Amino acid sequence: MTIYIDTREQRPLFNLSNGKASKNFFAKKTLNVGDYTTELLLGKFHIERKSPGDLYGTLLSGHTRFRKEIFRARDRGITLVIYIECTAKKFYAKTWDGGRYYKFQSETIKKCIATMTKKYDLEFNWCTSRAAAKKDVQERLKAEERKVKKSR
């Protein structure tokens, strides 16, 4: 499986030195939406990775840019899902590294995510850590590839 990493991804989950242990090939590619997809899923299913601080920034000040990305995905028929390098509990309680500096109330942030989930039909996947996000993203891409192959 070839996993594409968006060229603008600042902190990629995957090392480009193609890991033999995972039997995957990783390559940089400019993606119109999201941070990760595969050769087979390109233009069909993409994943957007967010650190907790990145997600807060997206919800509070980068909402317009993120909404445009969601619409680009929708217009192109791409399913876009979000993976967060943090549990929902830690995110809302702001107990992740640097979380205490964010001033917005947890209930406000919960409402923002609930609205985006419903309004834009987004799927938010909470992970226990960055390492867990890496594993979960890889497993999800494999699962989505299996679905595509079965439907052929």
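Residues numbered from 1 in each chain as written. Predicted model: local features only at pLDDT ≥ 70, side-chain atom pairs only at ≥ 80, totals over all residues. Heavy atoms only, no water.

(A) Just the packing of helix α1 (residues 52-60) against helix α4 (residues 106-119), in detail. With their axes 11 Å apart at the nearest point, α1 and α4 run at an angle of 75° to one another. Accordingly, the angle class assigned to the pair α1 and α4 is roughly perpendicular. Contacts between α1 and α4 involve Leu55, Tyr56, Leu59 and Leu60 from the first element and Ile109, Cys112, Ile113 and Met116 from the second. Across the contact of α1 with α4, the residue classes tally to eight nonpolar, no polar and no charged. (Axes fitted to C-alpha atoms, helices over the stretch in contact; angles between N-to-C directions. Helix = DSSP H or I, 4+ residues; strand = E, 2+ residues; numbered from the N terminus. Parallel < 35°, antiparallel > 145°, perpendicular 65-115°, else oblique. Contact = heavy atoms within 4.5 Å. Nonpolar A, V, L, I, M, F, W, Y, C, P; charged D, E, K, R; others polar.)

(B) Structural detail: the environment of Asn24. Along the chain, Asn24 turns up in the loop between β1 (2-6) and β2 (25-29). In this structure Asn24 comes out as buried when scored by relative accessible area, which is 6%. Distance from Asn24 to Met1, taken between C-alpha atoms, is 5.2 Å for residues 23 residues apart in sequence. (Buried < 20%, exposed > 50% of the residue type's maximum accessible area, 1.4 Å probe, protein only.)

(C) Region of interest: the side chain of Asn125. Relative to the helices and strands, Asn125 is located in strand β6 (residues 123-126). On the accessibility criterion, Asn125 (17% relative accessible area) is buried.

(D) Quick look at helix α5 (residues 130-150). Look at α5: 30 Å from first C-alpha to last across 21 residues, which is about the 30 Å you get at 1.5 Å a residue. Within the span of α5, buried status applies to Ala132, Ala133, Val137, Gln138, Arg140, Leu141, Glu144, Glu145 and Val148. For α5, the elements touching its buried residues are β1, β2, β3 (36-38), β4 (45-50), β5 (79-84) and β6. For α5, the N-terminal cap is Ser129; the gap from its side-chain oxygen to the backbone nitrogen of Ala131 is 3.4 Å. (Expected span 1.5 Å × (residues − 1). Polar contact = N/O pair within 3.5 Å; in protein donor to acceptor, adjacent residues only side chain to side chain.)

(E) Main features of the pattern of salt bridges. If you walk through the whole model with that rule in mind, you get eleven salt bridges. As a salt-bridge pair, Lys50 and Asp54 come within 3.9 Å of each other at their nearest N and O atoms. Take Asp54: its relative accessible area is 29%, and that puts it in the partly exposed class. Residues joined by salt bridges that share partners form a network here, namely Glu9, Arg49, Glu85 and Arg130. (Salt bridge = Lys/Arg side-chain N within 4 Å of Asp/Glu carboxyl O.)

(F) Highlighting the state of the cysteines. Under the defined criterion, the tally for this structure stands at zero disulfides. Here Cys86 is not disulfide-linked; the sulfur of Cys127 is the nearest cysteine sulfur, at 9.6 Å. For Cys86, a relative accessible area of 3% translates into the label buried. Taking relative accessible area as the criterion, Cys127 reaches 1% and is therefore assigned buried. (Disulfide = S-S within 2.5 Å.)

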